[in-house]
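Chain residues, written in single-letter form:
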Amino acid sequence: KGVPAKGYKTFSIVHGGESGENTVKVENKTIENKFFTVKFDKDMNIASLIHKATGRSVAPEGEVLNKIYAYDDRPFNHEAWDIKVYFDQKYTEINDVSAVDVTESGPVRTVIKVTRKFLSSTIDQSFIFYADLPRIDVDYTVDWKEKKILLKADFPVDVNATEATYDIQFGNYKRPTHRNTLWDFAQFEVVGHKWVDLSDNSFGLSVLNDCKYGISMNENALELTLLRAAAAPEMHADNREHHFTYGFTAWEGSFADSDVVRQGYEMNVKPVITAGVVDTFSAFGVEKDNVILESVKLAEDGSGDLILRLYEAKKAAVNTKVFTALNVAQAWTCNMLEKKEAEVAVEDNTVSLDFRAFEIKTLRLKLA
């Protein structure tokens with residue numbers, strides 16, 4: 001928190017004393033911070049997730065969040081690549097909890113580790129509750145020994161939505177939550193990169209992940225694919241230790257009002273930490289939240305010019321200022337091959353750009 005965009009800052013680690021009082025409260029199977037109240041059931045599934053700002057329950061009454069299901073996964077062929085629509089006809093709930101431990105408790109976060117047994121495998125889930133971040137992460141270590149099994153995490157959401165929104169590179173797309181037509185039926189498992197969102201115009205839940213890209217929708221439920229266990233073309237290809245993390249966050253309003261895109265980047269692009277002391281510095285910044293500065297690099301032609309690649313992330317046309325702490329002599333928009341197209345006015349090391357919905361722009365800067 002507080003790291004400037006495309007920059008750096010010094011943080012000092014000190015003993016918190018009284019000011020370091022833990023703001024994440026744990027009492028029996030209830031965990032509370034300033035964003036959420038979470039209650040676990042006897043199987044350490046999330047029986048209740050309350051968004052404190054609105055008082056709304058994320059899941060419909062009687063349903064639980066983050067339950068893990070193991071499905072019988074037997075496609076006709078190409079089993080390391082294919083998932084068939086009938087995969088969900090036979091399944092097992094994974095509820096065998098062998099240990100629960102509070103492994104971390106402090107002013108920044110609280111971590112609860114849950115160990116589950118499933119057949120010959122061991123699943124360690126570390127639930128991470130933050131003091132100042134409106135997101136709950138689940139960090140996994142899985143000793144996976146199964147064959148022909150598909151593992152999913154289930155997130156039912158109490159919203160009225162006929163479509164879910166999925167992140168892809170430089171944008172997002174929508175797919176139906178239902179299977180009313182053959183076309184809908186064929187989209188039972190689709191791709192989402194950093195996040196998937198299920199919301200209406202008043203409330204929503206997003207599931208963010210760092211490496212799990214297959215997601216199915218079951219009416220009001222997001223179902224994130226975690227692991228498979230194909231036995232062909234290699235019998236034990238997936239039988240090893242796996243590490244991955246996903247998180248979930250809820251908010252009031254529509255998707256356009258949310259900070260899901262930013263949180264997706266925060267989960268996937270970790271800051272580089274090194275020892276030393278520096279003055280706070282931010283090389284680049286963007287005025288509007290829905291425009292993302294994706295890349296900063298040197299031009300391929302060896303000129304020393306800088307290339308900035310930006311895109312609009314929420315399907316909303318916008319004008320925004322892009323500013324830098326560097327001294328810029330000239331600026332141009334250019335194509336993806338970095339060939340100049342049009343010069344852009346520079347004022348106080350700031351340029352103004354117009355973006356259409358989901359538009360990608362490449363900006364070339366010549367430094368003074």
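Enquirer: With reference to specific residues and values, describe the environment of Gly2.
Expert: Relative to the helices and strands, Gly2 is located in the segment before β1 (7-8). When residues no more than four places from it in sequence are discounted, the contact partners of Gly2 are Lys9 and Phe11.

Enquirer: How would you sum up the sheet that holds strand β7 (residues 67-72)? Please name residues and give values.
Expert: A sheet is described by the order of its strands in space; here 6 strands give the open sequence β8-β7-β13-β20-β19-β16, paired in antiparallel fashion. Looking at which strands have only one partner, the edges of the open sheet turn out to be β8 (91-93) and β16 (189-191). Between one strand axis and the next, the sheet turns by 35° as a mean value, whatever way the strands run.

Enquirer: I'd like to hear about the packing of aromatic side chains, residue by residue, with values.
Expert: Going through the model one piece at a time under the given rule, you end up with 17 aromatic pairs. Centre to centre, the rings of Tyr71 and Phe87 are 5.0 Å apart; their planes meet at 75°, and the pair counts as edge-to-face. Highlighted residues: Tyr71 in strand β7 and Phe87 in the loop between β7 and β8, separated in sequence by 16 residues. Counting every residue linked through ring pairs, the aromatic cluster contains Tyr69, Tyr71, Phe87, Tyr91 and Phe188. When the ring centre of Phe355 is taken as origin, the NZ or CZ atom of Lys361, which lies over that ring, is 5.8 Å away.

Enquirer: Describe helix α2 (residues 260-268), listing the residues and the values that go with them.
Expert: Turning to α2, its buried residues number three or more, namely Val260, Val261, Gln263, Gly264, Tyr265 and Met267. Buried-residue contacts for α2 involve β12 (136-143), β17 (195-199), β18 (203-209), β21 (241-252), β24 (291-298) and β25 (306-312).

Enquirer: So what's going on with the pairing of strand β13 (residues 149-156)? Which residues, and what values?
Expert: Extensive coverage of β13 is indicated by the burial of 8 of its 8 residues. The alternating pattern of β13 places Ile149, Leu151, Ala153 and Phe155 on one face and Leu150, Lys152, Asp154 and Pro156 on the opposite face, and all of these are buried. Direction of pairing for β7 relative to β13: antiparallel, over a ladder of 6 bridges. Looking at the pairing, Ala70 lines up with Leu151 of β13. With 6 bridges joining them, β13 and strand β20 (residues 221-227) adopt antiparallel strand pairing. Its bridge partner lying in β20, Leu151 is registered against Leu227.

Enquirer: Provide a residue-level description of the sheet that holds strand β27 (residues 328-334), including the pertinent values.
Expert: What the 5 strands build is an open sheet, ordered β24-β25-β30-β27-β28; its pairing is antiparallel. Only two strands of the sheet have a single neighbouring strand rather than two, namely β24 and β28 (340-344). Recorded for the sheet is a direction-independent mean angle of 30° between the axes of neighbouring strands. Relative to strand β30 (residues 360-367), β25 runs antiparallel, the two sharing 6 bridges. From the neighbouring strand, Arg309 faces β30, where its bridge partner is Thr362.

Enquirer: Outline empty space enclosed by the protein, supporting the account with residue identities and numerical values.
Expert: Enumeration over the complete set of coordinates arrives at 2 cavities of 30 Å³ or more. Roughly 60 Å³ of internal volume is contained in the largest cavity. Elements that contribute at least two residues to the lining of the largest cavity include exactly β26 (318-324), β29 (350-355) and β30. Among the residues making up the lining of the largest cavity, the classes are represented as 9 nonpolar, 3 polar and no charged. In this structure, the second largest cavity spans a volume of roughly 30 Å³. Considering the residues around the second largest cavity, the lining is formed by Pro176, Thr177, His178, Arg179, Asp184, Gln187, Phe188 and Met217.

What counts, and where the lines are drawn
- Residues numbered from 1 in each chain as written.
- Predicted model: local features only at pLDDT ≥ 70, side-chain atom pairs only at ≥ 80, totals over all residues.
- Heavy atoms only, no water.
- Helix = DSSP H or I, 4+ residues; strand = E, 2+ residues; numbered from the N terminus.
- Contact = heavy atoms within 4.5 Å.
- Pairing = 2+ DSSP bridges.
- Axes fitted to C-alpha atoms, helices over the stretch in contact; angles between N-to-C directions.
- Phe/Tyr/Trp six-rings, centres within 6.5 Å; stacked < 30°, edge-to-face > 60°.
- Lys NZ or Arg CZ within 6 Å of the ring centre and 35° of its normal.
- Buried < 20%, exposed > 50% of the residue type's maximum accessible area, 1.4 Å probe, protein only.
- 1 Å grid on protein atoms, 1.4 Å probe; cavity = no way out; pocket = protein on both sides within 12 Å on 5 of 7 lines; lining within 4 Å.
- Points joined across faces, edges and corners; volume = space filled by probe spheres on them.
- Nonpolar A, V, L, I, M, F, W, Y, C, P; charged D, E, K, R; others polar.

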